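Read off the chains here:
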Amino acid sequence: GTTLGASAAERGRYFGTAIAGSRLSDSQYSTIANREFNMITAENEMKPDATEPNQGQFSFGSGDQIVNWAISNGKRVRGHTLAWYSQQPGWMQRMEGSSLRQAMLNHVTKVVTNYRGKIYAWDVANEAFADGSSGARRDSNLQRTGNDWIEAAFRAARSADPDAKLCYNDYNTDNWSHAKTQAVYRMVQDFKSRGVPIDCVGFQAHFNSGNPVPSNYHTTLQNFADLGVDVQITELDIEGSGSSQADQYRGIVQACQAVSRCTGITVWGVRDSDSWRASGTPLLFNGNGQKKAAYDAVLAQL
Ligand code: XIL
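Fair warning: this is a prediction, and the values are worked out from it, not measured in the lab. (Residues numbered from 1 in each chain as written. Predicted model: local features only at pLDDT ≥ 70, side-chain atom pairs only at ≥ 80, totals over all residues. Heavy atoms only, no water.)

S.K.: So what exactly am I meant to see when it comes to the state of the cysteines here?
M.R.: Here a disulfide denotes one covalent bond, and it connects the sulfur atoms of two cysteines. Applying the stated criterion across every chain, the model contains two disulfides. Shown here is the disulfide that connects Cys 167 with Cys 200, its sulfur atoms set 2.1 Å apart. Negative torsions about the S-S bond denote left-handed disulfides, and the value of about -90 degrees found for Cys 167 with Cys 200 makes this one left-handed. Here Cys 200 lies in strand E6 (residues 200-203) and Cys 167 lies in strand E5 (residues 165-170), a separation of 33 residues in the sequence. (Disulfide = S-S within 2.5 Å. Helix = DSSP H or I, 4+ residues; strand = E, 2+ residues; numbered from the N terminus.)

Next up, the structure:
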C-alpha cells in the first residue's frame, strides 16, 4: 500500500492516529489524517471531563464531531477513555466512596450507550496501576471505592455495547521485566479466569530516552496475547529524530506484526507540531506536514 492505513489493512490490521477536533479545520492536518490513517482516537473529546462536564449532563458534541468525521471517511474509532484518575470533571474529582462508584458506572453506561455500534474498542479503564517497583494499583478516588472498580466498569461497558471490544490501557507496561507490566498481566489473567469481560490490552507506548523501546517488546505483547486478549499499541510516540527514531518505530511495527493478536497501532498525533509533548519531534510527520524518516521506515515495514 501507499499509505499507513492501507498497508496495515493488507495484513488485516489498522494504523491509526489521535485526532484533536479543533485541528480538523486545518486542511493540511485533515488531509494527512484522512489519507494515512484508518483508525481514529479522540485525543481529549471523549474523556470524562469532556463528556460529563456536570453530573448527569452529558456533552457529546465534540466527541461526535470526531466520530462522525471518522465514520464518514470510512475509518473505525477507538473510544478513549471511560474511567481514569485524570481529566475527571471537577464534580467527579470531589466525589468518593459509593456515590463516586455509582457516578462512574453511570458515566460508563451513558457514554458507551451514546456511541453504541460506532466504537471498535473502548479504553474502559486507563492508567490504573502505579509506576515503580510496587506492582500496586495507583491511588485515586476511583481506587479508593474498592479494588473491584475496574471489573465493575468493564461489566457496565459490556452491558451497554456488547459489540465493542473492551480494553485496559496503560503506559510503562512495555518492558516485560517491569513490575507494572507484571501487575497488569496478573490482573488480565485474573479477569480472564473469572469471566470479567475484557477483550484487549492497550499499550500507550510513549517512548523517550528515559523510557526507551524495550528489546523484549515482542515478548510482552505475545505474553499478553497468550492470555486470550487482543493487544494494541494505542498512543505511540517516540522522542528523537532521523535514523535512530526511524529504527525504533520500525522495531515497534515488527513487534506488533510478530504477534497475530496485535490488531493495530495508533500514533498519538499527526505532525510533530500536534504532539502533546511540549517539545521534541516524536511523530511521523514534521511540522510542515512532510513525511519523516520514521514514516518511511513504518510504511516499508507494514
Ligand atoms: C493527553 C493529550 O494528548 C493532551 O492533549 C491532554 O492535555 C492530556 O492528555 N495518556 C493518555 C492520553 O491516556 O489520554 C493522554 O493524552 C496522554 C497520556
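Having seen the model, we can carry on.
S.K.: Mind showing me how you'd approach the site of the ligand here?
M.R.: Around the ligand, the surrounding shell holds 13 residues, and the nearest of these are Glu 43, Asn 44, Lys 47, His 80 and Glu 235. In this structure, a nitrogen atom belonging to the ligand sits 3.1 Å away from a side-chain N or O atom of Glu 127. A total of 410 Å² of accessible area belongs to the ligand in isolation, and the protein chains cover 78% of it. Of the residues assigned to the shell around the ligand, the class counts are three nonpolar, six polar and four charged. (Near = heavy atom within 4 Å. Polar contact = N/O pair within 3.5 Å; in protein donor to acceptor, adjacent residues only side chain to side chain. Areas by Shrake-Rupley, 256 points an atom, 1.4 Å probe, with all protein chains shown as cover. Nonpolar A, V, L, I, M, F, W, Y, C, P; charged D, E, K, R; others polar.)

S.K.: It is not clear to me how the environment of Val 231 should be interpreted in this structure. Could you clarify?
M.R.: Inspection of the secondary structure assignment puts Val 231 in strand E8 (residues 230-238). Val 231 sits 31 residues away from Cys 262 along the chain, and the two C-alpha atoms are 4.7 Å apart. Contacts of Val 231, omitting those with residues within four sequence positions, involve Val 201, Phe 203, Leu 221, Phe 224, Ala 225, Val 259, Arg 261, Cys 262, Thr 263 and Gly 264. (Contact = heavy atoms within 4.5 Å.)

S.K.: I tried to follow helix H10 (residues 242-257) on my own but got confused; where do I start?
M.R.: Given 3.6 residues to a turn, an α-helix orients residues that are three or four positions apart in the same direction. Between its first and last C-alpha, H10 extends 23 Å over 16 residues, near the 22 Å set by a 1.5 Å rise per residue. Looking only at H10, the buried set comprises Gln 245, Ala 246, Tyr 249, Ile 252, Val 253, Ala 255, Cys 256 and Gln 257. If you follow the buried residues of H10, they end up packed against strand E7 (206-207), helix H9 (217-225), E8, strand E9 (262-267) and helix H11 (293-301). (Expected span 1.5 Å × (residues − 1). Buried < 20%, exposed > 50% of the residue type's maximum accessible area, 1.4 Å probe, protein only.)

S.K.: Could you clarify how one ought to interpret the environment of Tyr 14 in this entry?
M.R.: Mapped onto the elements, Tyr 14 comes out in strand E1 (residues 14-19). For Tyr 14, the residues in contact, after removing those within four places along its chain, are Ala 8, Asn 38, Met 39, Arg 76, Arg 78, Tyr 120, Gln 232, Thr 263, Gly 264, Ile 265 and Thr 266.

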